[in-house]
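Structural description and commentary
Here is what each chain is made of, one letter per residue.
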Amino acid sequence: MKELEERIRKDGRVLPGGILKVDAFMNVQIDPVLLDHMGEEFARLFKEAGVTKILTIEASGIAPASSTAMKMGVPFVFAKKAKSSNVSGEDMYTSKVRSFTYGRDYDILVPAAFIQPDDCVLIIDDFLANGFAARGLIQIAEQAGAQVAGIGVCVAKLFQPGYRLLKDQGIRVEALAPIQAMDDNSVIFADE
Ligand code: 5GP
């Protein structure tokens with residue numbers, strides 16, 4: 001998606017450790033027009049997939065999930081993060097996720113009432129790096145017995161392993177801005 005790629009070039013910042021800062025338009029301050037267009041693009045890409053629900057993870061997944069849900073006319077659910085490692089309960093789906101940005105594990109939780117076995121779930125997130133968040137969300141959908149239509153991410157860093165691992169499992173992954181490589185001076189996108 002050219003609009004997002006141009007914005008990353010203009011306002012994104014590459015930090016050491018393969019992190020792209022997008023605080024100026026996606027993560028802290030949000031450009032609502034760009035957000036709207038990203039939702040539209042995910043909705044276009046997955047329009048034939050029979051999606052009944054969007055699933056994401058707090059906090060930065062909520063904005064793109066909301067925009068996509070609006071465009072697709074379906075609800076979105078976000079998994080909450082919990083620090084404690086002994087969260088359980090029959091009425092909760094849970095999974096363990098390793099944080100890319102903080103390097104520690106946390107649990108994610110979704111009340112069982114909000115995903116049903118007849119749901120077809122589209123997973124949306126802002127970034128795909130090692131794929132831990134996406135895999136945690138897939139596990140939640142599996143616990144519910146729901147189908148996974150695929151994963152839509154605003155930015156996929158193809159030089160980190162998540163994208164390939166998910167594709168190799170036969171999962172459909174759509175990235176609006178697939179990054180091949182990046183350093184202090186440049187970001188190279190895979191689709192240009
Ligand atoms: P993964 O679980 O795929 O390793 O990492 C994805 C999660 O980590 C996303 O939910 C996102 O919030 C965060 N993340 C990973 N890489 C980046 C990055 O380069 N920039 C930002 N802002 N967040 C990232």
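This text follows the structure it describes.
Residues numbered from 1 in each chain as written. Predicted model: local features only at pLDDT ≥ 70, side-chain atom pairs only at ≥ 80, totals over all residues. Heavy atoms only, no water.

As for the overall build of the chain
Looking only at helices and strands, the chain has 6 helices and 10 strands in total. Taken along the three principal axes of its C-alpha coordinates, the chain extends 50 × 35 × 35 Å. Every one of the 192 residues in the chain was classed for burial, and the buried ones make up 46%. Pairs at least 24 apart in sequence give 62% of the contacts found in the chain among residues at least 6 apart. With 21 positive and 26 negative side-chain charges, the chain shows a spacing of 3 Å between the two charge centroids. (Helix = DSSP H or I, 4+ residues; strand = E, 2+ residues; numbered from the N terminus. Buried < 20%, exposed > 50% of the residue type's maximum accessible area, 1.4 Å probe, protein only. Contact = heavy atoms within 4.5 Å. Lys, Arg positive; Asp, Glu negative; His and termini not counted. Charge placed at Lys NZ, Arg CZ, Asp CG, Glu CD.)

Re the packing of helix 1 (residues 2-11) against helix 3 (residues 32-45)
Helix packing geometry: the angle between the two helix axes and the distance between the axes. Relative orientation of the contacting elements helix 1 and helix 3 amounts to 140 degrees, with a least axis distance of 10 Å. As summarised for this structure, helix 1 and helix 3 are arranged oblique, according to the angle between their axes. Handedness of the crossing formed by helix 1 with helix 3: left-handed. Between helix 1, through Glu 3, Leu 4 and Arg 7, and helix 3, the contact on the second element is made entirely by Leu 34, His 37 and Met 38. When its residues are assigned to classes, the contact of helix 1 with helix 3 shows 3 nonpolar, 1 polar and 2 charged. (Axes fitted to C-alpha atoms, helices over the stretch in contact; angles between N-to-C directions. Parallel < 35°, antiparallel > 145°, perpendicular 65-115°, else oblique. Left-handed = near helix turned anticlockwise from the far one by under 90°. Nonpolar A, V, L, I, M, F, W, Y, C, P; charged D, E, K, R; others polar.)

Section: the side chain of Thr 68
For Thr 68, the location among the structural elements is in helix 4 (residues 62-72). What makes Thr 68 buried here is its relative accessible area of 0%. Contact partners of Thr 68, with chain neighbours within four places excluded, come to Gly 39, Phe 42, Ala 43, Ile 54, Leu 122 and Ile 124.

What about the site of the ligand?
Around the ligand, a shell composed of 16 residues is seen, among which Leu 20, Asp 125, Asn 130, Gly 131 and Lys 157 lie nearest. Between a nitrogen atom of the ligand and a main-chain N or O atom of Leu 20, the distance comes to 2.7 Å. Between Asn 27 and the ligand, the recorded distance is 3.0 Å, taken from a side-chain N or O atom to a nitrogen atom. For the ligand, whose accessible area on its own is 500 Å², the fraction buried by protein is 89%. Here the ligand occupies the largest pocket. At the level of secondary structure, the elements contributing two or more residues to the shell around the ligand comprise strand 2 (19-21), strand 7 (120-128) and helix 5 (132-144). For the shell around the ligand, the leading source of residues is strand 7, giving 4 residues. Here the residues of the shell around the ligand are counted per class, giving 8 nonpolar, 5 polar and 3 charged. (Near = heavy atom within 4 Å. Polar contact = N/O pair within 3.5 Å; in protein donor to acceptor, adjacent residues only side chain to side chain. Areas by Shrake-Rupley, 256 points an atom, 1.4 Å probe, with all protein chains shown as cover. 1 Å grid on protein atoms, 1.4 Å probe; cavity = no way out; pocket = protein on both sides within 12 Å on 5 of 7 lines; lining within 4 Å. Sits in = over half its atoms within 2 Å of the grid points.)

Let's talk about helix 5
Taking 1.5 Å per residue, 13 residues should reach 18 Å; helix 5 reaches 19 Å between its end C-alpha atoms and fits that length. Among all positions in helix 5, only Ala 133, Ala 134, Gly 136, Leu 137, Ile 138, Ile 140, Ala 141 and Ala 144 are buried. Within two residues after helix 5, Gly 145 carries a phi angle of roughly 75 degrees, on the positive side. (Expected span 1.5 Å × (residues − 1).)

As for the pattern of salt bridges
Evaluated as defined, the whole model comprises 13 salt bridges. Asp 31 is the salt-bridge partner of Arg 7, the closest N and O atoms lying 2.6 Å from each other. Taken together, the positions of Arg 7 in helix 1 and Asp 31 in the loop between helix 2 (23-27) and helix 3 put the pair 24 residues apart, joining distant regions of the chain. For Arg 172, the salt bridge is made with Glu 174, and the minimal N-O distance between the two is 3.0 Å. The exposure class assigned to Arg 172 is partly exposed, which follows from its relative accessible area of 33%. (Salt bridge = Lys/Arg side-chain N within 4 Å of Asp/Glu carboxyl O.)

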